Amino acid sequence: MDDKVNRYKRHIILVLAGCAFLLAALLFINQAEPEICGKGTSSVAVQATPAAVSERIVLGTTVSGVSVTELPRTIKEKVPKAAKTPKPPKPTAVPTPSVTKDRTDRLASFYQGDLSYQSKLIWSGNWGKKKFKKKTFGSFGCGLCCLANVYSSLTDYRCSPLDMYEYACENTDYQGGGAIEWWNMGAVLTKTGFTYIRGKKPKDYEDFQKMVQKSKAVIALVSQGKKSYWKNTTGHYVTLFLYDKKTDQVFLADSGSYERNRHWVPLKKVYHSLKKTEGSQYLSVLSYKKKNDTWRNTEFTGKCILPSNWKTGE
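Residues numbered from 1 in each chain as written. Predicted model: local features only at pLDDT ≥ 70, side-chain atom pairs only at ≥ 80, totals over all residues. Heavy atoms only, no water.

Asker: Please explain the sheet that holds strand 8 (residues 192-199) as it appears in this structure.
Answerer: Backbone hydrogen bonds hold the strands of a sheet together, and the pairing may be parallel or antiparallel. Reading across the sheet, the six strands line up as 8-13-9-10-11-12 and stay open at both edges, with antiparallel pairing between neighbours. One side of each edge strand has no neighbouring strand; the edge strands of this open sheet are strand 8 and strand 12 (263-266). Taken pair by pair, the neighbouring strands of this sheet meet at an average axis angle of 35°, ignoring direction. Against the sheet, helix 3 (residues 142-154) engages strand 8, strand 9 (217-222), strand 10 (236-244), strand 11 (249-253) and strand 13 (282-293), with an angle of about 30° to strand 10. (Pairing = 2+ DSSP bridges. Helix = DSSP H or I, 4+ residues; strand = E, 2+ residues; numbered from the N terminus. Axes fitted to C-alpha atoms, helices over the stretch in contact; angles between N-to-C directions. Contact = heavy atoms within 4.5 Å.)

If you want it as structure tokens, here you go:
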């Protein structure tokens, strides 16, 4: 009887012990769970937004009475600046020569052909291979280069051979696409403020010499011959400047030759080279008056390799 009572007591004790253990376990688990929105919490952990937001800010303020330790910050996308509208290209600046002791530095002597431009010669330009009426400027532009030399050297204005070509086409009877004629040269000079005389080769060299001496510039038509300075041409316009009485030489601007362009040559060689088969052999520029210049060009068309003393400016 006593054994049964003892077993019953042990059984009750084991049951009570098990209940006590179970109750203790439940209490421990309940205390381990964090409170999300319960009262009495000193701080609230706010779940961050999705992983796309990569930056955070630590805050020491409160939101709705709740202290916030960490909040996501919205990242503003950078809006790219609108592309600036490109400005239109400026026109080619007009070259202006600086004042130097050497008078030849003030004189223009443009080349006409493309080979000179490829060789990067000073006074060459990109107009040589431009076509007008299926002909390249380099094949006929010597007279226009002479006119551009005169206008750019003897006035306060500048022009390229291309500017002179366009002006002659618009203001004279010159049709373009070929050599400019004497009378159209004269028309250009008159409209741009110059006075001139045109004539034939004098019989006496001294008369030619005196004419050149009185001129501000001379455009001469030369060709090949026994005593000619030009051995391989049937007809070519050149420009003469700065006759030197002591040496009887002139400063030659020849648009078709590197060996002759911008060189001092004996005037007598030019005299012997004049093309007598034409109606006129020379055009002498006598004077210039700005008030009579109806052009007063302020543009410079085309690319040109200029000497260092010729600065560009508006």
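Asker: Whenever I open this one, the pattern of salt bridges confuses me. Can you help?
Answerer: Once the charged atoms of two side chains with opposite charge are near each other, the side chains can pair. Under the criterion given, the structure shown has two salt bridges. Between Asp254 and Arg260 there is a salt bridge, with its nearest N and O atoms 2.9 Å apart. For Asp254, a relative accessible area of 0% corresponds to the buried category. (Salt bridge = Lys/Arg side-chain N within 4 Å of Asp/Glu carboxyl O. Buried < 20%, exposed > 50% of the residue type's maximum accessible area, 1.4 Å probe, protein only.)

Asker: Which parts of the structure should I look at to understand the pairing of strand 13?
Answerer: The side chains of a regular strand alternate between the sheet's two faces. Here strand 8 pairs with strand 13 via seven bridges, running antiparallel. Along strand 13, the bridge assignment pairs Ile197 with Ser284. Relative to strand 13, strand 9 runs antiparallel, the two sharing four bridges. Along strand 13, the bridge assignment pairs Ala220 with Tyr282.

Asker: Is there a simple way to think about the nonpolar core in this case?
Answerer: Generally speaking, a soluble globular protein has its nonpolar side chains buried in company with each other. In terms of nonpolar packing, the biggest core is built from 47 residues, with Phe110, Leu144, Met164 and Ile219 touching the most fellow members. Those residues in contact with Ile219 that lie beyond four places of it in its chain are Cys146, Leu147, Val150, Trp182, Met185, Tyr237, Val238, Gln281, Tyr282 and Leu283. Val212, Trp230, Leu240 and Val250 belong to the second-largest nonpolar core, a separate cluster that totals 19 residues. (Core = buried A, V, L, I, M, F, W, Y, C linked by side-chain atoms within 4.5 Å.)

Asker: Would you mind going over the layout of surface pockets with me for this structure?
Answerer: A water-sized probe rolled over the atoms picks out the places where empty space is left. Size it by volume and the largest pocket reaches roughly 400 Å³. Looking at the largest pocket, it is lined by 24 residues, and the ones nearest its centre are Cys142, Leu221, Gly235, His236 and Tyr237. Mapped by element, the contributors of at least two residues to the lining of the largest pocket are helix 5 (182-191) and strand 10. For the lining of the largest pocket, the class distribution of residues is eight nonpolar, ten polar and six charged. Arg103, Ser215, Lys216, Phe241 and Leu242 are, among the 15 residues lining the second largest pocket, the residues nearest its centre. For the lining of the second largest pocket, the elements supplying multiple residues, two or more each, are helix 6 (205-214), strand 9 and strand 10. Element by element, the count of residues in the lining of the second largest pocket is highest for strand 10, at four residues. Considered class by class, the residues forming the lining of the second largest pocket number ten nonpolar, two polar and three charged. (1 Å grid on protein atoms, 1.4 Å probe; cavity = no way out; pocket = protein on both sides within 12 Å on 5 of 7 lines; lining within 4 Å. Points joined across faces, edges and corners; volume = space filled by probe spheres on them. Nonpolar A, V, L, I, M, F, W, Y, C, P; charged D, E, K, R; others polar.)

By themselves, these are just geometric observations and shouldn't be taken as functional.
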